[in-house]
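Structure at a glance
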Amino acid sequence: MDKAIEPNRVMPLEVLDLSYDAGGKTLLNKLDFRLEDGVRTVILGPNGAGKSLLLRVCHGLLQPGSGSVSWAGRTPSQAGRELAMVFQRTVLLRRTVADNIAHTLAIMGVPREQRSSRIDTALKEAGLSELEDHPARTLSGGEQQRLSIARARVLRPRVLLLDEPTSNLDPGATAAVEGMIRAADADGTRIIMTTHDILQARRLADEVLFLHRGGLLEHTSASEFFAEPKTDEARRFLRGELLE
Amino acid sequence: MSEVFSAVATAVELVVRLDPDLVEIVALSLKVSLSAVLIAALVGLPLGAAVALVKFPGRRGAVILLNAAMGLPPVVVGLVVYLLLSRAGPLGELGILFTPAAMVIAQSILITPIIAALTRQTISDLHEEYDEYLCSLGAGHLQRITTLLWDGRFRLLTGLLAGFGRASAEVGAVIIVGGNINHVTRVMTTTIALETSKGNLNLALALGIVLIILAASVNAAAVLIGDAASKRYG
């Protein structure tokens, strides 16, 4: 085994000199950072900053143009099952609520006899038990996102990557989703999420990565970031100015 | 005009009292067309799924070819199958020209591209939507294909129904390779053509009524299945 690989651990996440180009544009530009365990990380920035892209590269859905991503010395594909992703636009199968979770368990090879109890637990945590036989795609936006998080958490991942999990949700649905994120955090799941919502970042972040135009401008504790942002872009963003 | 009304009345009577000749022809038609749909499904479903999911050189050309093949002229297909199965043809030894088997082959060739093209489109659309999710789970090829086929099952069924509709209404190919032999290869469409040319409108109209009911039922089933699936699974 590679000496750098730390068995039974998935953190820290180390991103070194990471760049990603597409269509002749540099969308992520030489990012360097290291995320430790035990905190909630919010990747903050305006639309087009590269937040979702960074999350996808960290998960391994996209390969970086240059640089590297490692989870306790492992590549994203080696860390595979320790990482679960929740997408901004929910992708629900054309099946019932319970069957959406059952599908994930089946794909991951969970024995059939274990699935039922895990589905029940996941739906209970998401507050969707009464909707288990409903078609998933007819749920409200908030319920769909809660189902997506429940489906991701049923795999018992060490890290939950959430891409703008509450965009387009009303305050009530946002509160329910944030409740699930806090519950996952309390269970020991490492939370790394993106948002462009400053208030949400204030509520959820222990540490902030501030991205702008594909560059990492700040990586600091949330209290420091919101009290004394170091860059002009972060100050303007926090004042609610539109960044180009 | 009264002759036409009389023919319609007689035709309706033939349908209502389940005239044995009529039933025999309808039964053979269903047998041939359903067999053709089964074969076309066995070839078309995996072929369409493969073209949708597997990247290979010339894939775009394959898609164009598949779509173009949906409009294959039935008489040309009939002619080609005739040449293949005729005594001097490469498959002449099988001795199945002018049998229902030859008609099944011709219809299968006609509707396989329809089923394959509709399958490709269905699987391709679903794949685009599900791709990132399935990737994030690390789903393998087989898991992806089964997920997509299962979630697309209602749209795929609609494709099969479209194939059945085309097969059961087809006349050009089956008359060439079947020969329209009484009690052997006579199906609804070929009988309608023959009886009309003979001036015997009663049986032709009766079969026409059955054919229209069948076509309407197939279309209604396709619409109802689509609506039910949309309501049930979104």
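The structure contained in this document is the topic of the report that follows. (Residues numbered from 1 in each chain as written. Chains lettered and ligands numbered in written order. Predicted model: local features only at pLDDT ≥ 70, side-chain atom pairs only at ≥ 80, totals over all residues. Heavy atoms only, no water.)

1. A look at the nonpolar core
Core analysis: the largest hydrophobic core is formed by 91 residues, its most contacted members being Leu13 and Trp71 of chain A. Filtering out sequence-adjacent residues up to four positions away, Trp71 of chain A remains in contact with Val10, Met11, Pro12, Leu13, Cys58, Pro76, Ala79, Leu83, Val159, Leu161 and Ile192 of chain A. The next biggest cluster of nonpolar side chains, apart from the first, holds 41 residues, and it includes Val32, Ala36, Ala173 and Val218 of chain B. (Core = buried A, V, L, I, M, F, W, Y, C linked by side-chain atoms within 4.5 Å. Buried < 20%, exposed > 50% of the residue type's maximum accessible area, 1.4 Å probe, protein only. Contact = heavy atoms within 4.5 Å.)

2. Description of the interface of chain B and chain A
In this assembly, 18 residues from chain B lie in contact with 23 residues from chain A. Between chain B and chain A, a total of about 1900 Å² is buried, with carbon and sulfur atoms accounting for 55% of that surface. For Arg56 of chain A, the salt bridge identified is with Glu132 of chain B, shortest N-O distance 2.5 Å. The tally of links from chain B across to chain A stands at ten residue pairs in polar contact (both at pLDDT 80 or more). Elements with a minimum of two residues in the side of chain B that touches chain A: α5 (100-137), α6 (141-151) and α10 (201-233) of chain B. Here the side of chain B that touches chain A is built from residues that sort into nine nonpolar, four polar and five charged. (Buried area = accessible area lost by both parts, 1.4 Å probe. Salt bridge = Lys/Arg side-chain N within 4 Å of Asp/Glu carboxyl O. Polar contact = N/O pair within 3.5 Å; in protein donor to acceptor, adjacent residues only side chain to side chain. Helix = DSSP H or I, 4+ residues; strand = E, 2+ residues; numbered from the N terminus. Nonpolar A, V, L, I, M, F, W, Y, C, P; charged D, E, K, R; others polar.)

3. Some words on a nonpolar patch on the surface
Residues and elements named next belong to chain B. Judged by side-chain polarity, Val4, Val8, Val12, Val16, Leu201 and Leu205 come together as a nonpolar surface patch covering roughly 440 Å² of accessible area. Of all the secondary-structure elements, those providing two or more residues to the nonpolar patch are α1 (2-16) and α10. Of all the elements, α1 adds the most residues to the nonpolar patch, at four residues. (Patch = residues over 30% accessible without salt bridge, like charges linked within 9 Å, V, L, I, M, F, W, Y side chains within 5 Å. Areas by Shrake-Rupley, 256 points an atom, 1.4 Å probe, with all protein chains shown as cover.)

4. Concerning the sheet that holds strand β7 (residues 190-195) of chain A
Residue and element names in this part refer to chain A. Pairing is mixed in the open sheet, where six strands are placed in the order β5-β6-β7-β3-β8-β9. The open sheet has two edge strands, β5 (83-86) and β9 (215-221), and neither has a second partner. Across this sheet, the average inter-strand angle for adjacent strands is 15°, counted without regard to direction. In the sheet, strand β6 (residues 159-163) pairs with β7 via five bridges, with the strands oriented parallel. (Pairing = 2+ DSSP bridges. Axes fitted to C-alpha atoms, helices over the stretch in contact; angles between N-to-C directions.)

5. Some thoughts on the environment of Leu14 of chain B
Residues and elements named next belong to chain B. With respect to the secondary-structure elements, Leu14 resides in helix α1. A sequence separation of 192 residues divides Leu14 from Ala206, and the C-alpha atoms of the two residues are 6.5 Å apart. When near neighbours in sequence (up to four residues on either side) are disregarded, Leu14 contacts Asp19, Leu22, Asn202, Leu203 and Ala206.

6. Considering the packing of helix α3 (residues 97-107) of chain A against α5 of chain B
Running from amino to carboxyl end, α3 of chain A crosses α5 of chain B at an angle of 45°, the nearest separation of the two axes being 10 Å. Regarding the angle of α3 of chain A to α5 of chain B, the classification is oblique. Pair α3 of chain A / α5 of chain B crosses with right-handed handedness. Residues Asn100, His103, Thr104 and Ile107 of chain A of α3 of chain A form the contact with α5 of chain B, whose own contacting residues are Tyr133, Leu134 and Leu137 of chain B. Grouping the constituent residues of the contact of α3 of chain A with α5 of chain B by class yields four nonpolar, three polar and no charged. (Parallel < 35°, antiparallel > 145°, perpendicular 65-115°, else oblique. Left-handed = near helix turned anticlockwise from the far one by under 90°.)

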